Amino acid sequence: MQNKFIALLIVIIIAVCGVSAFLLTQNNNTENNNITDNNGSNDNINNTMKNKNMNLGNTNFKGNTDENGIIASLNGPLYSSEGKTINLTWKITNNGNDTINNVSAEDQSSSHNFGTLAPGESKIYSVSLNIPTLAQVKEDFGPDATVSNPFSIGGYSISYLLNGEEFQFNSNSIDIKLV
């Protein structure tokens, strides 16, 4: 009887220690990320990532601005994983004083003609991109190839006409953490 009591006591102590350790690690794996929505509304979004679950928030880069006050920004998810298709947003804003014409943007796999942008006007275009799996990268680049983490996207190029002169520059790049 005494041996059964001691065995039961040991099981209870181990269970309490296990539950305590589990609860302590749960609190350490929680991150709160306040980000700003990239749709131009400046509303704050509170995203919580618990136990390494995917945070579905977006990057919020203001982009790159050229000498004429034209802004080109690239935004996408903060987190994703190999093999997932993600949506990227190209946004061009004319913060200059003159209308720009023949506004176009392109990256390695997509292009879009934005047309004309008046002063203060913005236009948005969405692009889908597949993040390759390790198997796809090895197939394309050899057995020693890897998928970089974070997964980097180099941005897109912009060209436009202002008073008959052509201008070109690049948007910002982004890094997406793979989870």
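A look at the environment of Glu106
By secondary structure assignment, the location of Glu106 is in strand E7 (residues 100-106). Here Glu106 falls in the partly exposed class, since its relative accessible area comes to 46%. The spatial distance from the C-alpha of Glu106 to the C-alpha of Ser159 is 8.9 Å, given a sequence separation of 53 residues.

Focus on the packing of aromatic side chains
We describe a pair of aromatic rings using the distance from one ring centre to the other and the angle between the two ring planes. What the rule picks out here adds up to four aromatic pairs. Ring plane angle 80° and centroid distance 6.5 Å describe the contact between Phe114 and Tyr125, whose orientation is recorded as edge-to-face. Residue Phe114 is found in strand E8 (residues 111-117), and its partner Tyr125 is found in strand E9 (residues 122-130); the two are separated by eleven residues along the sequence. Among the residues examined, Phe114 registers a relative accessible area of 4% and is labelled buried. With a centroid separation of 5.5 Å and 20° between ring planes, the pair formed by Tyr160 and Phe167 is classed as stacked. Classification of Tyr160 by relative accessible area gives buried; the value is 1%. Three or more aromatic residues joined by ring pairs form one cluster here, namely Trp90, Phe114, Tyr125 and Tyr156.

Some details on the sheet that holds strand E4 (residues 70-75)
With antiparallel pairing, the four strands of this open sheet are ordered in space as E3-E4-E6-E9. Sheet topology places strand E3 (64-65) and E9 at the edges, where each strand pairs with a single neighbour. Judged from the nine bridges that link them, strand E6 (residues 85-94) and E9 form a sheet pairing that is antiparallel. The partner of Ile86 across the bridge, within E9, is Leu129.

A word on the confidence of the model for the chain
A low pLDDT score tells you not to read the predicted coordinates there in detail. Here the chain averages 77 in pLDDT, and 68% of its residues register 70 or above. Counting interchain partners and residues more than four positions distant, the pLDDT-below-50 stretch residues 15-55 has 51 contacts.

Quick notes on the nonpolar core
Taken as a class, soluble globular proteins show a tendency for nonpolar side chains to be buried jointly. Among the nonpolar cores identified, the biggest contains 28 residues, and Ile92, Ile153, Tyr156, Ile158 and Tyr160 are the most heavily contacted of them. When contributions to this core are tallied by element, the ones reaching two or more residues are E4, E6, E7, E8, strand E10 (151-153), strand E11 (157-162), strand E12 (165-170) and strand E13 (174-178). If one sorts the elements of this core by residue count, E6 sits on top with four residues. Apart from the residues within four sequence positions on either side, Tyr160 is in contact with Asp66, Asn68, Ile70, Ile100, Asn101, Asn102, Val103, Glu165, Glu166, Phe167 and Phe169.

Some points on unusual backbone geometry
Going from Asn149 to Pro150, the amide bond is cis rather than trans, its omega being 10°. Mapped onto the secondary structure, Pro150 falls in the loop between helix H2 (134-141) and E10. For Asn163, which is not glycine, the phi dihedral falls at a positive 50°. Here Asn163 is to be found in the loop between E11 and E12.

About the criteria used
Residues numbered from 1 in each chain as written. Predicted model: local features only at pLDDT ≥ 70, side-chain atom pairs only at ≥ 80, totals over all residues. Heavy atoms only, no water. Helix = DSSP H or I, 4+ residues; strand = E, 2+ residues; numbered from the N terminus. Buried < 20%, exposed > 50% of the residue type's maximum accessible area, 1.4 Å probe, protein only. Phe/Tyr/Trp six-rings, centres within 6.5 Å; stacked < 30°, edge-to-face > 60°. Pairing = 2+ DSSP bridges. pLDDT = per-residue confidence, 0-100. Contact = heavy atoms within 4.5 Å. Core = buried A, V, L, I, M, F, W, Y, C linked by side-chain atoms within 4.5 Å.

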